[in-house]
Amino acid sequence: MIIIKTFKMLSLELLEENQFTSYPLIDGIIINQENSHKYWILEMYMDAQYADDFAKYLGTDDILDVRAVISYPDNEPAYFRVVVHNITEMPDTGHVSVLLKGTLNSNRRQYAEQLLLELVEEGLTGNVLLERFKSDLHNRKKLK
């Protein structure tokens, strides 16, 4: 029995040189293949002007770190480690489909715990700690 789960992808950001770049999507889908390899497929339908940002990784084994907001705008981003699998130009539209394949990065909890530890060690408390934690977690601040 083959089981897959699909999710609406609302946004995608690519991490390069310790900085996230956001890509506006016309549409997007994420597929959890629910197989033993735990592979996920991310497909973005976007303006063709962004194709080169992903084309440089096509045909390489470069693993990219991306984060995507799934289903609802208020959801925290899910982090993935992916490779660029395919880029398809859509004739006469000015759009492309970018297909990424990879795994869900399950280190998010470890990251959150490490971030909290660093902020407490900085002496932050109360609302200052809470606001800084939310901000740094969302922006994926680089840890020591």
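Figured I'd write up the structure that's included with this text. (Residues numbered from 1 in each chain as written. Predicted model: local features only at pLDDT ≥ 70, side-chain atom pairs only at ≥ 80, totals over all residues. Heavy atoms only, no water.)

## Focus on the nonpolar core
Part 1 of the reasoning: Leu12, Leu42, Met44, Met46, Phe54, Phe80 and Leu100 are the most contacted members of the largest nonpolar core, which has 26 residues in total.
Part 2 of the reasoning: For this core, the secondary structure elements donating two or more residues are strand 1 (5-16), strand 4 (39-47), helix 1 (51-55), strand 5 (64-70), strand 6 (78-90) and strand 7 (95-104).
Part 3 of the reasoning: Once you skip the residues sitting within four places of it in the chain, Leu42 turns out to touch Met9, Leu12, Ile29, Ile30, Val66, Phe80, Val82, Val98, Leu99 and Leu100.
Part 4 of the reasoning: Judged by nonpolar contacts, the second largest core, of 8 residues, contains Tyr111, Leu115, Leu124 and Leu137. (Core = buried A, V, L, I, M, F, W, Y, C linked by side-chain atoms within 4.5 Å. Buried < 20%, exposed > 50% of the residue type's maximum accessible area, 1.4 Å probe, protein only. Helix = DSSP H or I, 4+ residues; strand = E, 2+ residues; numbered from the N terminus. Contact = heavy atoms within 4.5 Å.)

## A look at the pattern of salt bridges
Part 1 of the reasoning: Enumeration according to the criterion identifies 7 salt bridges in this entry.
Part 2 of the reasoning: A salt bridge links Lys8 to Asp27; its shortest N-O distance comes to 2.4 Å. Of this pair, Lys8 sits in strand 1 while Asp27 is found in strand 3 (residues 27-32), placing the two residues 19 residues apart along the sequence.
Part 3 of the reasoning: For Arg132, the salt bridge identified is with Glu122, shortest N-O distance 3.3 Å. Here Arg132, found in helix 3 (residues 126-139), pairs with Glu122, found in the loop between helix 2 (108-121) and helix 3; they are 10 residues apart in sequence, far enough to count as distant.
Part 4 of the reasoning: Classification of Arg132 as partly exposed rests on a relative accessible area of 29%.
Part 5 of the reasoning: Taking relative accessible area as the criterion, Glu122 reaches 37% and is therefore assigned partly exposed.
Part 6 of the reasoning: Among the charged side chains, a network of salt bridges with common partners joins Glu122, Arg132 and Asp136. (Salt bridge = Lys/Arg side-chain N within 4 Å of Asp/Glu carboxyl O.)

## Some remarks on the pairing of strand 7
Part 1 of the reasoning: Across 9 bridges, strand 4 lies against strand 7 in antiparallel orientation. Residue pairing in the sheet places Asp47 in a bridge with His95 of strand 7.
Part 2 of the reasoning: Pairing of strand 6 with strand 7, which is carried by 10 bridges, proceeds in the antiparallel orientation. Following the sheet pairing, Glu89 is matched in strand 7 by Val96.
Part 3 of the reasoning: Between strand 6 and the antiparallel strand that follows it, strand 7, lie 4 residues; Asp92 among them carries a positive phi value of about 60°. (Pairing = 2+ DSSP bridges.)

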